[in-house]
Amino acid sequence: MKVFNYLAVIALLISLVACTNKQSTTKEDASTPDSNINTIETQTLLRSLSQIPAIGFMFGHQDDPLYGVTWEGDSDRSDVKSIVGDYPAVMGFEIGRIEKGGEESLDNVNFDTMRQEIINQYNRGGMTTISWHMDNPVTGGDSWDVATKGVVTSVLPNGENHEIFLSWLQYGAEFFNSLVTDDGTKVPVLFRPWHEHTGSWFWWGKDNCTTEEYKELWILTYNFFQEQGVNNLLYGYSPDSQGPGDIYMERYSGDEYVDLLGLDTYHRDNEKGIEAYQNTLNTILSFLTEEGKRRNKPIALTETGLEAIPIADWWTEVLLPTIEKYPISYVLLWRNARERPNHYYAPYPGQKSADDFVKFYNNPKTLFVKDIPNLYK
Ligand code: BMA
């Protein structure tokens, strides 16, 4: 009898736990604070990211529907779509300066407009990734303001700017929690915090904090968002070109805090730089292929491009042949600025590489939004 009761209690406990888990992942419950379980759509996106390389890789573009070369804010417009008639499968957005509580990002994008475009991208079946060039919490300068050392130390627990820093993170949490469709679904996002930290150009970069401090910064951010009920984020780790191996993994905070292994690397110096660019891609993407398999994580080229694309066949002769050998889930090209002449990374109609981009688009391996299976089901 005693044994029977004991078993019955265990069975009841198991069913309660199972029931709680199930409830906390339903849509209705998606915004419950303190939930440390991602929404079903977010979990499914992670699975989809691992499955995509079986059919190709997704094409991504930063700020794609917001503006382009010589235009801004036109509805239903994108430089990529103007050439190939389809939107990128991945769109990147940048929330730098949200930490100040203002209406516009550091690139002068209105956050309400950005939210709507993220929801639009979800509704058309595509994915969103978000970066955050957070201002320097000590000097008030931008994220490239690295003259003052010890910024990371000062935002960690017991640091003098810890509370301010949490209030800055809070603005980010509110934004992520506000990405909700009309039917109440929270939009999953691949978040790439504290990126390019193997270089030293941001206040969280290599020479500006210790390895332990960087890891603490990452885990603090992760835990804070969990406490705020942010259950629609996957975390992308995006070091810069240095490495691979020890340098790449040195500041990795652990498999439980990272969902995707990324790489930010650019092609610089045009013709002269082709070999260096391809070598970096080959070296680090080979490493990521192995590391991704070992850790069971998708991999991606999280930022890349050749500014102003002066090489006419860059898409099919430089980028495609190099990256198609690796099981990346996506490649993201940086933004087509409307306010900085020649600061663009995707072609626009009439641009020198536009015809080659059509060939790139027609290659079965490159996936635009109409090519991808449902990432969320
Ligand atoms: C950089 C440039 C900047 C921009 C920043 C954040 O690479 O494009 O002009 O402010 O990204 O988007």
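**Considerations on the layout of surface pockets**
Line of reasoning, step 1. As a volume, the largest pocket reaches approximately 520 Å³.
Line of reasoning, step 2. Contributing to the lining of the largest pocket are 24 residues, with Trp144, Trp334, Arg340, His343 and Tyr345 lying nearest its centre.
Line of reasoning, step 3. Looking at side-chain class alone, the lining of the largest pocket contains eight nonpolar, six polar and ten charged residues.

**Topic: the pairing of strand E9 (residues 299–304)**
In summary, the side chains of a regular strand alternate between the two faces of the sheet.
Line of reasoning, step 1. Burial of E9 is extensive: six of the six residues sit out of reach of the surface.
Line of reasoning, step 2. Of the crossover connections in this fold, the one passing from strand E8 (residues 260–264) over helix H9 (residues 274–295) to the parallel E9 is right-handed.
Line of reasoning, step 3. Here three bridges tie E9 to strand E10 (residues 328–333), and the two strands are oriented parallel to one another. Each bridged residue has a counterpart across the sheet, and for Ile299 the counterpart in E10 is Ile328.
Line of reasoning, step 4. Of the crossover connections in this fold, the one passing from E9 over helix H10 (residues 314–323) to the parallel E10 is right-handed.

**A closer look at the site of the ligand**
Line of reasoning, step 1. All residues in the neighbourhood of the ligand are listed as Glu94, Leu106, Asp107, His133, Trp144, Trp334, Arg335, Arg340 and His343.
Line of reasoning, step 2. A distance of 3.0 Å separates an oxygen atom of the ligand from a polar atom in the side chain of Trp334.
Line of reasoning, step 3. Between the ligand and Arg335, the relevant distance is 2.7 Å, taken from an oxygen atom to a side-chain nitrogen or oxygen of the residue.
Line of reasoning, step 4. A total of 310 Å² of accessible area belongs to the ligand in isolation, and the protein chains cover 82% of it.
Line of reasoning, step 5. Under a 2 Å grid-point criterion requiring more than half of the atoms, the pocket assigned to the ligand is the largest pocket.

**Some remarks on the packing of H10 against helix H11 (residues 354–362)**
Geometrically, a packed helix pair is captured by the angle between its two axes and the distance between the axes.
Line of reasoning, step 1. At a closest axis distance of 8 Å, the pairing of H10 and H11 adopts a crossing angle of 45°. Between H10 and H11, the interaxial angle falls into the category oblique. Along its contact with H10, which presents Trp314, Trp315, Thr316, Leu319 and Leu320, the element H11 presents Asp356, Phe357, Lys359 and Phe360.
Line of reasoning, step 2. Of the residues belonging to the contact of H10 with H11, the class tally is six nonpolar, one polar and two charged.

**Quick notes on the nonpolar core**
Across soluble globular proteins, nonpolar side chains have a tendency to be buried as a group.
Line of reasoning, step 1. By size, the foremost hydrophobic cluster in this structure holds 110 residues, and its most contacted members are Met58, Met127, Phe176, Trp194, Phe225 and Trp314.
Line of reasoning, step 2. Excluding its chain neighbours within four sequence positions, the residues that come into contact with Met127 are Leu45, Leu49, Met58, Ala89, Val90, Met91, Gln121, Leu190, Tyr330, Leu375 and Tyr376.

**Re the packing of aromatic side chains**
Line of reasoning, step 1. Inspection of every chain in the model, using the stated rule, returns 38 aromatic pairs.
Line of reasoning, step 2. Look at Trp201 and Phe202: their rings are 6.5 Å apart centre to centre, the planes differ by 70°, and that puts the pair in the edge-to-face class.
Line of reasoning, step 3. Here Trp201 falls in the partly exposed class, since its relative accessible area comes to 30%.
Line of reasoning, step 4. Arranged with centres 5.6 Å apart and planes meeting at 65°, the rings of Tyr266 and Tyr345 form a pair that is edge-to-face. With Tyr266 in the loop between E8 and H9 and Tyr345 in the loop between E10 and H11, this pair connects stretches of sequence that are 79 residues apart. The exposure classification of Tyr266 matches that of Tyr345, with both residues buried.
Line of reasoning, step 5. Just above the ring of Tyr87 sits the side chain of Arg124; from NZ or CZ to the centre is 3.8 Å.

**Observations regarding the pattern of salt bridges**
Line of reasoning, step 1. All told, the structure shown has 15 salt bridges when counted by the stated rule.
Line of reasoning, step 2. When the shortest N-O distance is used, the salt bridge between Arg295 and Glu291 registers 2.8 Å. Here the residue Arg295 and the residue Glu291 both occupy positions in helix H9, the gap between them amounting to four residues, near one helical turn.
Line of reasoning, step 3. On the accessibility criterion, Glu291 (7% relative accessible area) is buried.
Line of reasoning, step 4. Between Arg335 and Glu339 there is a salt bridge; the shortest N-O distance is 2.8 Å.
Line of reasoning, step 5. The exposure class of Arg335 is buried, given its relative accessible area of 5%.
Line of reasoning, step 6. Residue classification places Glu339 among the partly exposed residues on the basis of a relative accessible area of 39%.
Line of reasoning, step 7. Shared partners join several salt bridges into a network, and the residues in it are Glu72, Asp107, Arg335, Arg338 and Glu339.

**Some thoughts on the environment of Thr366**
Line of reasoning, step 1. With respect to the secondary-structure elements, Thr366 resides in strand E11 (residues 366–367).
Line of reasoning, step 2. Under the relative-accessibility criterion, Thr366 is labelled buried at 1%.
Line of reasoning, step 3. Sequence separation of Thr366 and Phe59 is 307 residues, and the distance between their C-alpha atoms is 6.4 Å.
Line of reasoning, step 4. When sequence neighbours within four positions are dropped, the list of residues in contact with Thr366 reads Phe57, Leu320, Phe360, Tyr361 and Asp371.
Line of reasoning, step 5. A distance of 3.2 Å separates a polar atom in the side chain of Thr366 from the backbone oxygen of Tyr361.
Line of reasoning, step 6. Here Asn363 takes part through its backbone oxygen, which lies 3.0 Å from a polar atom of the side chain of Thr366.

Calculation rules
- Residues numbered from 1 in each chain as written.
- Predicted model: local features only at pLDDT ≥ 70, side-chain atom pairs only at ≥ 80, totals over all residues.
- Heavy atoms only, no water.
- 1 Å grid on protein atoms, 1.4 Å probe; cavity = no way out; pocket = protein on both sides within 12 Å on 5 of 7 lines; lining within 4 Å.
- Points joined across faces, edges and corners; volume = space filled by probe spheres on them.
- Nonpolar A, V, L, I, M, F, W, Y, C, P; charged D, E, K, R; others polar.
- Buried < 20%, exposed > 50% of the residue type's maximum accessible area, 1.4 Å probe, protein only.
- Helix = DSSP H or I, 4+ residues; strand = E, 2+ residues; numbered from the N terminus.
- Right-handed = clockwise from strand over helix to strand, strands pointing away.
- Pairing = 2+ DSSP bridges.
- Near = heavy atom within 4 Å.
- Polar contact = N/O pair within 3.5 Å; in protein donor to acceptor, adjacent residues only side chain to side chain.
- Areas by Shrake-Rupley, 256 points an atom, 1.4 Å probe, with all protein chains shown as cover.
- Sits in = over half its atoms within 2 Å of the grid points.
- Axes fitted to C-alpha atoms, helices over the stretch in contact; angles between N-to-C directions.
- Parallel < 35°, antiparallel > 145°, perpendicular 65-115°, else oblique.
- Contact = heavy atoms within 4.5 Å.
- Core = buried A, V, L, I, M, F, W, Y, C linked by side-chain atoms within 4.5 Å.
- Phe/Tyr/Trp six-rings, centres within 6.5 Å; stacked < 30°, edge-to-face > 60°.
- Lys NZ or Arg CZ within 6 Å of the ring centre and 35° of its normal.
- Salt bridge = Lys/Arg side-chain N within 4 Å of Asp/Glu carboxyl O.

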